[in-house]
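Chain by chain, the residues run as shown.
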Amino acid sequence: MYRDLSEPHTKGEVLIVEDTPASLKLLSDLLTAAGYAVRQAPNGELALWTAQARPPELILLDVRMPGIDGFEVCRRLKELPALRGVPVIFLSAQHDTDDKVRGFALGAVDFIAKPFQAEEILARADAHVRLGRAQQALAAERANLERRVNLRTAELEQLARTLEDEVRVRRANEEFLRLSGQVFEATLDAIMITDADGYIVTTNPAFSRITGYAPQEVAGWHVVRLAATPADQALVTAMAQVLRESGHWSGEVLSRRKSGDTYPGLLSVSTVHGPDGAVINYVGVFLDISERKAEQHLIAFLSHHDALTGLPNRVLARERFELARALAGRDGQRVVVMCLDLDRFKNINDSFGPPVGDKALQAVASFLGGCLREGDTASRQGGDEFQIILGDDAALGATLATVQTILLGLRDDLRVDGGHLTLTTSIGIAVYPSDGDSFDELVRNADTALFRAKETGRDNYAFFTERMDVDVRARLAVQNQLRGAIARGEFAVHYQPQMCLRSGAMLGAEALLRWHNPTLGTVAPSLFIPLAEEYGLITAIGEWVLDTVCAQIQRWQGAGLGEIKVAVNLSGNQFAQDRTVEFVEATLRKYGIKAVCLGIEITESTVMGDPDKAVAALKRLKDIGVGISLDDFGTGYSSLGYLKRFPIDVLKIDKSFVDDVATSTNDAAIALSVISLAHNLNMRVIAEGVETREQVAFLREHGCDEMQGYFFSRPIDAEAFTVLLGEKKNLSAI
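The rules we used
- Residues numbered from 1 in each chain as written.
- Predicted model: local features only at pLDDT ≥ 70, side-chain atom pairs only at ≥ 80, totals over all residues.
- Heavy atoms only, no water.
- Pairing = 2+ DSSP bridges.
- Helix = DSSP H or I, 4+ residues; strand = E, 2+ residues; numbered from the N terminus.
- Axes fitted to C-alpha atoms, helices over the stretch in contact; angles between N-to-C directions.
- Contact = heavy atoms within 4.5 Å.
- Salt bridge = Lys/Arg side-chain N within 4 Å of Asp/Glu carboxyl O.
- Buried < 20%, exposed > 50% of the residue type's maximum accessible area, 1.4 Å probe, protein only.
- Parallel < 35°, antiparallel > 145°, perpendicular 65-115°, else oblique.
- Left-handed = near helix turned anticlockwise from the far one by under 90°.
- Nonpolar A, V, L, I, M, F, W, Y, C, P; charged D, E, K, R; others polar.

Chemist: Help me out: how do you make sense of the sheet that holds strand β5 (residues 110–113) in this one?
Modeler: Think of a sheet as strands paired side by side through backbone hydrogen bonds, with each pair either parallel or antiparallel. With respect to topology, 5 strands assemble into an open sheet ordered β2-β1-β3-β4-β5, the strand pairing being parallel. Looking at which strands have only one partner, the edges of the open sheet turn out to be β2 (36–41) and β5. Taking each pair of neighbouring strands and ignoring which way they run, the sheet shows an average axis angle of 20°. Here helix α4 (residues 97–106) sits on the sheet and contacts β4 (88–92) and β5; the angle it forms with β5, its principal contact strand, is near 145°.

In structure tokens, the structure reads:
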């Protein structure tokens, strides 16, 4: 099926099927640098043509492609005999269990999630190329062994026939004996000749090398003495019956060396007849196949176990579940499927490197095995994902005890290479038969529960419920539609005016992102913003908002509507990007906007990750003239320390304190404290969510500088805000 590559340094040939040019180049550069020969296909049609032209040793196949998708490409590949054995690894930005199940059913050997991890790509490519080559080599070697045995058998049968002829022809007989002796002595395969009753007459040097017995030691032994076990001795008896009937026998046997070690061999026995047709000898030729058997066992082990941890893989886990389900159905018990995911495991790989991460996974695998009872199963599904299958009664007492043991045990320091690592895990739990009948359904529901456990703070567990499934599916629908929303033009920026409480003039606006999707309708920011942050989309969205706002400011200024100041929210993930400040500067230059026309709104949680880095970034923005506002003040962490360190221009009083400011003494006290604190630090104060005349009067009376809220205007689109600017509307009447 495969060919040897001409370059001696090439580790193998990989076909990459990826419609995204950046991903295609990234994978090609990575694998080429690692020593692989790489071919590329940007779509499914070209992939099929390229693979048929010359089968590669591995195919990396993107699931989502225009035209023929990855699933269809895989199906067609597996229909072709020349390509059926080529391992296929799916590349997918999604984590849908249904996709994985469908991929494995089509014949894929693995999944790799996007965004790619270089170490994971190389490790999985190396593993599957090595496994493919080992399987190819084993098949070729077995065929070669069979050819050699058949060749040796044919040679010896010819030798036997020649012996019969040479009884009549002395000269021919002498020449034959000379040649036979050379073959007998020189062959690398062990040869043993017995008499008609199975007693050893002679052996060749290869026999001594393999068994450890000299010819004189075994001369006169019955062949049964070489058998390793009573079962193999019984096989010799059965073999004799076949030889009497057909004159030939071949198969695998287990023998014992002089040292006492047993070893597998491939044996072929032929019958030698005398001139009268009576049996005079048996000739046995055998090969020591110990190493090949070991390779075969390794391949069999790897087909059912994880190579890194030795735990069962998804194939064996499925078999264990089916067995547990059969036992549970008979005894009226439950089968519990747990999905475990190590919390923030990526930080370990990033901080200590993949080798330490691998050892940590091995330590976790060993720990999980120690938490289970006999008959329970822990398996690794890939990455830092594990599964546990256990039987339990309706009260689920064993399940809860196991969960607590795992959660508490992993919180202790994990020893890796003499050092200590702290890990936690999130666990999702589904129970047969209440949560599903099949393994795939239970895994899917346990994954859903795992998702909820992570949502509630990690280092936690959750049981699956039907409502949870509905919620998660809704979130997945939002997630799927969120990808590509910018390209499809589904986002819009709305603007909410910010008014001066003393003069009534409009001083600026806050830019607020809105999303309308044809499938989902209008999606609330409180739903899609956290998902964008979780799945790494927030930076691209935030940069689109900033670019859109600056372009709009330029249009307003060009229309003679003045230098309106617009505040843009910056998320924590976006703020952590080193290039964010440079992007702000570049965007201002791109549209010719003065920095004073732009404000950046941050929350206390935005800067919690790396306060020192945050201080430096904020000062750079402040130095070029960009205003800095602290949103949701007082609702999160201890804010006074940040007010002292950070270059804040504006404090925003959260709507939760404004709602009852005119009726609640507590909220009034908080609002007054914020106003006083801000003014003492030379900051302005903006009150959010102002909706009533009483709130406006209270805030104006106590010195609040600005306000925004429904009392004046809801957030409106750019066109409506342009009209508002043209009217120069103010609050002087209130």
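Chemist: Would you explain the pattern of salt bridges in this entry?
Modeler: Opposite charge on two side chains makes pairing possible when the charged atoms of those side chains draw close. Applying the stated criterion across every chain, the model contains 37 salt bridges. Among the ionic pairs, Asp-29 bridges to Lys-25, the shortest N-O distance being 2.6 Å. Here Lys-25 and Asp-29 lie together in helix α1 (residues 21–33), a separation of 4 residues that amounts to about one turn. With relative accessibility at 41%, the residue Asp-29 sits in the partly exposed group.

Chemist: Please explain the environment of Ala-616 as it appears in this structure.
Modeler: Along the chain, the position of Ala-616 falls in helix α21 (residues 611–623). With relative accessibility at 43%, the residue Ala-616 sits in the partly exposed group. For the pair Ala-616 and Pro-647, spaced 31 residues apart in the sequence, the C-alpha separation amounts to 9.8 Å.

Chemist: Is there a simple way to think about the packing of helix α3 (residues 70–79) against α4 in this case?
Modeler: Each pair of packed helices can be summarised by the angle the axes make with each other and by the distance between the axes. For the pair α3 and α4, interaxial distance at closest approach is 9 Å and the crossing angle is 15°. Taken together, α3 and α4 sit at an angle that is classed as roughly parallel. In this structure, α3 meets α4 at a crossing whose hand is left-handed. Residue-level contacts link Phe-71, Cys-74, Arg-75 and Lys-78 of α3 to Asp-99, Arg-102, Gly-103 and Leu-106 of α4. In terms of residue class, the contact of α3 with α4 is made up of 3 nonpolar, 1 polar and 4 charged.

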